[in-house]
Amino acid sequence: MINVVIFSKDRPAQLELLLRSMKRFFVEWNMVHTHILYKYTNDDYRIGYEKTKLYHPEFDYVLEQPGKFKEQTVSLIRAENQATMFMVDDMVFKNYLALKTIPIKKLLSEDSIACVAIRMCPRINYCYTERKSTPPPNFTEDLMWFWRDPSLGGDISYPMSTDGSIFRTEDIYPLIKDLPYENPNTMEGVLANNPINKPYMICYRDSLVFNIPVNKVQTVNGNHCGNIPAEYLNKEFLSGKRISMANIEFFENTSCHQEIPLVLGEDIEISAEITERLDDCLKKDYSKMAEQGVSIVICTYNDSHFMLKALKSCLLQKVPKEIIVVDDCSTVPLCDEVVKFIEKHNVRVIRHDKNMGLSAARNTGISSAKYDLVIPIDADDYFFQNGIDGQIGRAHV
């Protein structure tokens, strides 16, 4: 399976578009663990992210803690997953991605491929970030190319992008763990300076994703972009509009980053329900709710060997709490250390009679919770000390 980590800052409307397109075009989207590491700089963006969560509750949203970006990023990568993909919030899926396809199979079976570049295809002939034409390389029959060719340039010779490159986890994890960085931009910078030592990249016949660079929210790089502010998009998003996919689906882009018009439309039936739920959510005083207690739901399926760290981290939270473990019909028993912890700390365990998937497991835990405030985490996730208190405190900036 694959790790998917999405980085987002102050762009909830664009993140919502990415997640919606992911559900439309990523065939196995509901079978993988997708983590969204996000941050916001004002209360309007916070509310925008709360609305995105209501549209797409199936994903794991992790609020970035100050000074903890690298530590949190490393924690979101499961070593047992064979592949890892990073994405950013101005990306969008526009064609189908399936994991059991030739490029990904070749990545995992051949030791000469650095990455699957799902944003590339033979049609790409321009580098937006460098503002120059980039003639396509000499592709093999399987659409591999030698990215180290000195005659190439731009995105064609750039395997370490965090904009939708798929890596072997065994290749990328040591770099993510050991290199120094503080945010997504410096992370890509150190990766670019320390590329995976494999000479080929591979792609599909058509690009599956592309970036729509209509705004910029970081100050690390001097990248150029369009003129649709994130603040404007968020305001429209909060008013009930969403970015349409009508002119995005199967778009034949010629650059990995390409500006196109963003069409805002009202999704009246869904937005009315979401707005009502959002209003109800914003009226709640989470600090007072946390004082009453928090239900922590940990879902597991054959990965209890990762769970002990998650369980121990729950004890580092000052708030009153209950811990619920939902075993989604694992085919192997819980490991001995976890069983001992469960017995010692009175952890509730709920077992499914059949495997129902992560979303169903979370719903089981949520419906069984005794507190109004419920926080689900994966078996390989963990809280920082007093992390729940910090998140609740930032929920009402």
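Rules used in this analysis
Residues numbered from 1 in each chain as written. Predicted model: local features only at pLDDT ≥ 70, side-chain atom pairs only at ≥ 80, totals over all residues. Heavy atoms only, no water. Salt bridge = Lys/Arg side-chain N within 4 Å of Asp/Glu carboxyl O. Helix = DSSP H or I, 4+ residues; strand = E, 2+ residues; numbered from the N terminus. Buried < 20%, exposed > 50% of the residue type's maximum accessible area, 1.4 Å probe, protein only. Pairing = 2+ DSSP bridges. Axes fitted to C-alpha atoms, helices over the stretch in contact; angles between N-to-C directions. Contact = heavy atoms within 4.5 Å. Phe/Tyr/Trp six-rings, centres within 6.5 Å; stacked < 30°, edge-to-face > 60°. Lys NZ or Arg CZ within 6 Å of the ring centre and 35° of its normal.

1. Remarks on the pattern of salt bridges
Throughout the structure, instances matching the rule amount to 27 salt bridges. Two residues, K39 and E64, come together in a salt bridge whose shortest N-O distance is 3.9 Å. A residue pair is termed long-range when its members are at least 10 positions apart, and K39 in strand β2 (residues 33-39) and E64 in the loop between β3 (60-63) and α3 (69-75) qualify at 25 residues. For E64, a relative accessible area of 12% gives the class buried. Its salt-bridge partner being K177, residue D178 comes within 3.8 Å of it at the nearest N-O pair. For D178, a relative accessible area of 54% puts it in the exposed group. Overlapping salt bridges, with partners in common, bring together D111, R168, E170, D171 and K198 in one network.

2. A look at the pairing of strand β6 (residues 113-117)
Burial analysis of β6 places 5 of its 5 residues in the buried class, which makes it a mostly covered element. As defined by bridge partners, β6 adjoins strand β11 (residues 200-202) across 3 bridges and the pair is classed as parallel. Residue pairing across strands places V116 opposite I202, the latter belonging to β11. Sheet topology places β6 next to strand β10 (residues 165-168); 2 bridges connect them, and they run antiparallel. Bridging from a neighbouring strand, V116 pairs with I166 of β10.

3. Regarding the sheet that holds β3
Strand order in this open sheet of 8 strands is β3-β2-β1-β4-β10-β6-β11-β9, and the pairing throughout is mixed. Each edge of the sheet is formed by a strand with only one pairing partner; in this case those strands are β3 and β9 (144-146). With direction set aside, neighbouring strand axes in the sheet form an average angle of 25°. Looking at chain direction, strand β1 (residues 2-9) and strand β4 (residues 83-88) are connected through 6 bridges and run parallel. Bridge pairing in β4 links I6 to M87. Of the strands in this sheet, β1, β2 and β3 touch helix α2 (residues 43-55), which is tilted by about 165° from β2. Where helix α5 (residues 169-178) meets the sheet, it contacts β1, β4 and β10, and its direction lies at approximately 95° from that of β10.

4. A few points about the packing of aromatic side chains
Applying the stated criterion to the full structure yields 14 aromatic pairs. Seen in terms of ring centroids, F25 and F250 are 5.4 Å apart; in terms of plane orientation they differ by 85°. Their pairing is edge-to-face. On the criterion of sequence distance, the pair formed by F25 in helix α1 (residues 12-25) and F250 in the loop between β13 (241-243) and β14 (264-266) is long-range, its members being 225 residues apart. Three or more aromatic residues joined by ring pairs form one cluster here, namely F7, F69, F86 and Y181. In this structure, K51 is placed above the aromatic ring of F237, and the distance from its NZ or CZ to the ring centre is 5.2 Å. Here the guanidinium or amino end of K309 rests over the ring plane of Y382, the centre of that ring lying 4.0 Å away.

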